[in-house]
Amino acid sequence: MNKTIEMAEANILHTYNRFQIVLDHGKGTRLYDDGGREYLDFFSGIGVYALGHGNTELNDAIKAQVDKLVHCSNLYYNEPAAKAAAKLNTLAGMDKVFFTNSGAEAIEGALKAAIKYAYLKDKRHDHEIIALDHSFHGRTLGALAVTGKAAYREAYAPFVADARFANMNDLKSVTDLVNDRTCAIIMETVQGEGGIYPADKEFIEGVYKLCREKDILLILDEIQCGLYRTGQPYAFMHYDVRPDILTTAKALGNGIPIGAFLLNKKVAEASLVAGDHGTTYGGNPLATAAADKVLELLESTRVLDNVRNLTPYLEEKLDALVAKYPCIKERRGKGFMQGLELDGVAPGEIVNKGIEKGILMLTAGVNVLRLLPPLVITKEDIDRMYEILDEVFAS
Ligand SMILES: *Cc1c(COP(=O)(O)O)cnc(C)c1O
C-alpha cells in the first residue's frame, strides 16, 4: 500500500472513505498524484478551486501577506479584512460581513443572527427555523440542526435549534409549517450535496414573499453555489429575491480556509452586537488577503463570462451523455454546478472509474454524479471530460 495512505489511515480519524490516490500538486485545471499521474479536475476540491490551481497572482499575494502579518486577532483592525469585506458587500449587495474559518461556522453565525433578531422582537425562546429536505449546511451541531439528511443527524438529537423540514420547490410544504414561532427559512439556492436541485423561480420567489409578509428572515446558503459558479455572482441573482442573511465560503479563499455570513441592513442593525459573537482566527489577514485577491481575480479575469459562455456547451455535452446512456436518468444544474442522476449504477462506481481514466468528480445524494469544475475550464477541458465520461459509461 502507498506509504502516505498507510500513515494517514493509522493516524487520522477515519470519518472519510477516501479515494485511493494521494494528490500532490496542481496546475490550472489539472491535478497530479504522488506518482505524477495527471487528472482533469471536475470537482475543484468540492467547489473550492474557482480559479483553478497554482494561480501565480493569487499565490504571490498570499506569500506577500505571510511575510507581512499572518494573524492579528479581531481585537485590532487589519487592511485585508476591511478590503475583502467591502468587496463582498458590493458583490452580494449586502450590508455587513462576519468572516469565519469555514462554511459550517458561517451557518452557525447566520443562525445566531436570525435567532437573536427574533428574540429582540418578541423575547421568546421557542423560535423555529424552516429548512429543506436534502439540504446540507455543514457538520457542526447548529448546522446539523437544519441539515435535511437523516443519516447525518441521527445520533445528535436534541438539536440546538428547532427545525422543521419542508420540500424544495413545494411552496405549500413551507407555508404549512409557518407559525408565530418561525424566525427564519434557510435554504441553498441550488442544493449541492443533497443531489443538485436548483430552486424553481416560483418557489424561491414565493418563499421570499412569505418572508417579507411575516418578517421571517430568509437565509440563503450559497457556500457551494455562490461566487459566480452558476453564472451570477450569487445564485439568488437569477431570481427576483434578496436574502436577509447570506452564507458564503468554499471558493472564497480558493483553498485558503475562509467563509463568511453577510447581513442586510435590517438584520445588521437589530441582531448581533459587540460581545455577541466572535472568533480567534476568523477574518485573519492571511485568509482575507487571499479572499480579497480571489474576489479581485474572479472579476478581472472575467470568470463570469467564461461560465456564461461555456455553460450551453457543457450542458450540451452532458445532455449527449444522457441521450446515449440509459443509466443516466437526467441532468440537473445551473452553470458550472451540474449533476447527472443515475439509475442502476452507483455514482461512487463512476467516480472510481473516472479516477482510473484520469478525471476527478464527486457524488451527491444517493444517485447523482456531481460536476463542479474550476470556473476557468476551457472548451477543450469540456471535450476531454466528455471523452473520458463516454469511455466510463461505455464500460
Ligand atoms: C460545504 C457546505 C457547507 C459546509 O461548509 P464547510 O466549510 O465544510 O464547513 C455548508 N453549506 C453548503 C451548501 C455547503 O456546500
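Rules and cut-offs
Residues numbered from 1 in each chain as written. Predicted model: local features only at pLDDT ≥ 70, side-chain atom pairs only at ≥ 80, totals over all residues. Heavy atoms only, no water. Core = buried A, V, L, I, M, F, W, Y, C linked by side-chain atoms within 4.5 Å. Buried < 20%, exposed > 50% of the residue type's maximum accessible area, 1.4 Å probe, protein only. Helix = DSSP H or I, 4+ residues; strand = E, 2+ residues; numbered from the N terminus. Contact = heavy atoms within 4.5 Å. Near = heavy atom within 4 Å. Polar contact = N/O pair within 3.5 Å; in protein donor to acceptor, adjacent residues only side chain to side chain. Areas by Shrake-Rupley, 256 points an atom, 1.4 Å probe, with all protein chains shown as cover. Nonpolar A, V, L, I, M, F, W, Y, C, P; charged D, E, K, R; others polar. Patch = residues over 30% accessible without salt bridge, like charges linked within 9 Å, V, L, I, M, F, W, Y side chains within 5 Å. Salt bridge = Lys/Arg side-chain N within 4 Å of Asp/Glu carboxyl O. Pairing = 2+ DSSP bridges. Axes fitted to C-alpha atoms, helices over the stretch in contact; angles between N-to-C directions. Phe/Tyr/Trp six-rings, centres within 6.5 Å; stacked < 30°, edge-to-face > 60°. Lys NZ or Arg CZ within 6 Å of the ring centre and 35° of its normal. Arc of directions from axis to C-beta. Parallel < 35°, antiparallel > 145°, perpendicular 65-115°, else oblique. Left-handed = near helix turned anticlockwise from the far one by under 90°.

Caption draft 1: Main features of the nonpolar core. One finds Phe-42, Val-174, Leu-227, Met-361, Met-385 and Phe-393 to be the most contacted residues of the largest nonpolar core, which totals 96 residues. By residue number, the principal contributor to this core is helix α12 (residues 303-324), which donates nine residues. Not counting chain neighbours up to four residues away, the residues in contact with Phe-42 comprise Leu-314, Ile-359, Leu-360, Met-361, Arg-370, Leu-371, Leu-372, Pro-373, Ile-377, Asp-381, Ile-382 and Met-385. One finds Ala-118, Ile-129, Ala-161 and Val-267 within the second-largest nonpolar core, a separate group that totals 27 residues.

Caption draft 2: Quick peek at the site of the ligand. Close to the ligand lie Ser-102, Gly-103, Ala-104, Phe-136, His-137, Gly-138, Glu-188, Asp-221, Ile-223, Gln-224 and Lys-250. Between the ligand and Ala-104, the relevant distance is 2.7 Å, taken from an oxygen atom to a main-chain nitrogen or oxygen of the residue. Taking 380 Å² as the accessible area of the ligand by itself, protein coverage stands at 81%. Residues belonging to the shell around the ligand are distributed by class as follows: three nonpolar, five polar and three charged.

Caption draft 3: Geometry of a nonpolar patch on the surface. Taken together, the side chains of Leu-141, Tyr-156 and Val-160 make up a nonpolar region of the molecular surface, amounting to roughly 320 Å² of accessible area. The topology assignment puts Tyr-156 in the loop between α7 (150-153) and β6 (162-166). A relative accessible area of 44% means that Tyr-156 is categorised as partly exposed.

Caption draft 4: Fine view of the sheet that holds strand β16 (residues 362-364). The strand order across the open sheet formed by four strands is β13-β14-β17-β16, and the pairing between neighbours is antiparallel. Both outer strands of the open sheet, β13 (328-334) and β16, are each paired with one neighbouring strand and no more. Here the strands of the sheet are splayed against their neighbours by 30° on average, with no regard to which way each runs. Packed onto the sheet, α12 meets β13, β14 (337-342) and β17 (368-371) and runs at close to 165° relative to β13.

Caption draft 5: Broad picture of the packing of aromatic side chains. Counted under the stated rule, the structure contains four aromatic pairs. On the basis of an interplanar angle of 75° and a centroid distance of 5.9 Å, the ring pair of Phe-136 and Tyr-152 is categorised as edge-to-face. Highlighted residues: Phe-136 in the loop between β5 (128-132) and α6 (141-145) and Tyr-152 in helix α7, separated in sequence by 16 residues. Each member of the pair, Phe-136 as well as Tyr-152, carries the same accessibility label: buried. Just above the ring of Tyr-119 sits the side chain of Lys-123; from NZ or CZ to the centre is 5.5 Å.

Caption draft 6: Inspection of the sheet that holds strand β15 (residues 359-360) at higher detail. Here we have four strands laid out as an open sheet, ordered β1-β2-β3-β15, and mixed in their pairing. At either margin of the open sheet sits one strand with a lone partner, and together these are β1 (23-27) and β15. Strands β2 (30-33), β3 (38-41) and β15 of the sheet are contacted by helix α14 (residues 379-394), whose axis makes an angle of about 110° with β3.

Caption draft 7: Region of the structure containing the environment of Gly-195. Relative to the elements of secondary structure, Gly-195 occurs in the loop between β8 (190-191) and β9 (197-198). The spacing of Gly-195 and Leu-340 is 145 residues in sequence and 8.9 Å in space, taken between C-alpha atoms. If near-sequence neighbours (up to four positions away) are discounted, Gly-195 is found in contact with Arg-332, Ala-364, Gly-365 and Val-368.

Caption draft 8: Focus on the environment of Glu-296. Here Glu-296 shows up in helix α11 (residues 285-300). Each C-alpha atom of the pair Glu-296 and Asn-2 lies 39 Å from the other, and the pair is 294 residues apart in sequence. The contacts of Glu-296, once residues within four sequence positions are left out, are Glu-57 and Lys-87.

Caption draft 9: Focus on helix α13 (residues 347-357). All buried positions along α13 are accounted for by Pro-347, Ile-350, Val-351, Gly-354 and Ile-355. Seen end-on, α13 carries its buried residues on one side only, within an arc spanning 145°. Here the buried face of α13 lies against β3, β14, β15, β16, β17 and α14. Phi for Gly-358, located one or two positions after α13, is positive at around 100°.

Caption draft 10: Main features of the pattern of salt bridges. Within the structure shown, the criterion is met by 30 salt bridges. Here Arg-30 and Asp-381 are joined by a salt bridge, their closest N and O atoms 2.8 Å apart. Taken together, the residues Arg-30 in strand β2 and Asp-381 in helix α14 connect sequence positions 351 residues apart. Owing to a relative accessible area of 6%, Asp-381 belongs among the buried residues under this scheme. Residues joined in a network through salt bridges with shared partners are Lys-121, Arg-212, Asp-215, Asp-244 and Lys-266.

Caption draft 11: View of the packing of α13 against α14. Put simply, α13 and α14 touch, their axes get as near as 10 Å, and they point 120° apart. Taken together, the axes of α13 and α14 are oblique relative to one another. Along this stretch, α13 crosses α14, giving a crossing that reads as right-handed. On the side of α13, the interface is formed by Ile-350, Lys-353, Gly-354 and Lys-357, while α14 contributes Arg-384, Ile-388, Glu-391, Val-392 and Phe-393. Class assignment for the residues of the contact of α13 with α14 results in four nonpolar, one polar and four charged.

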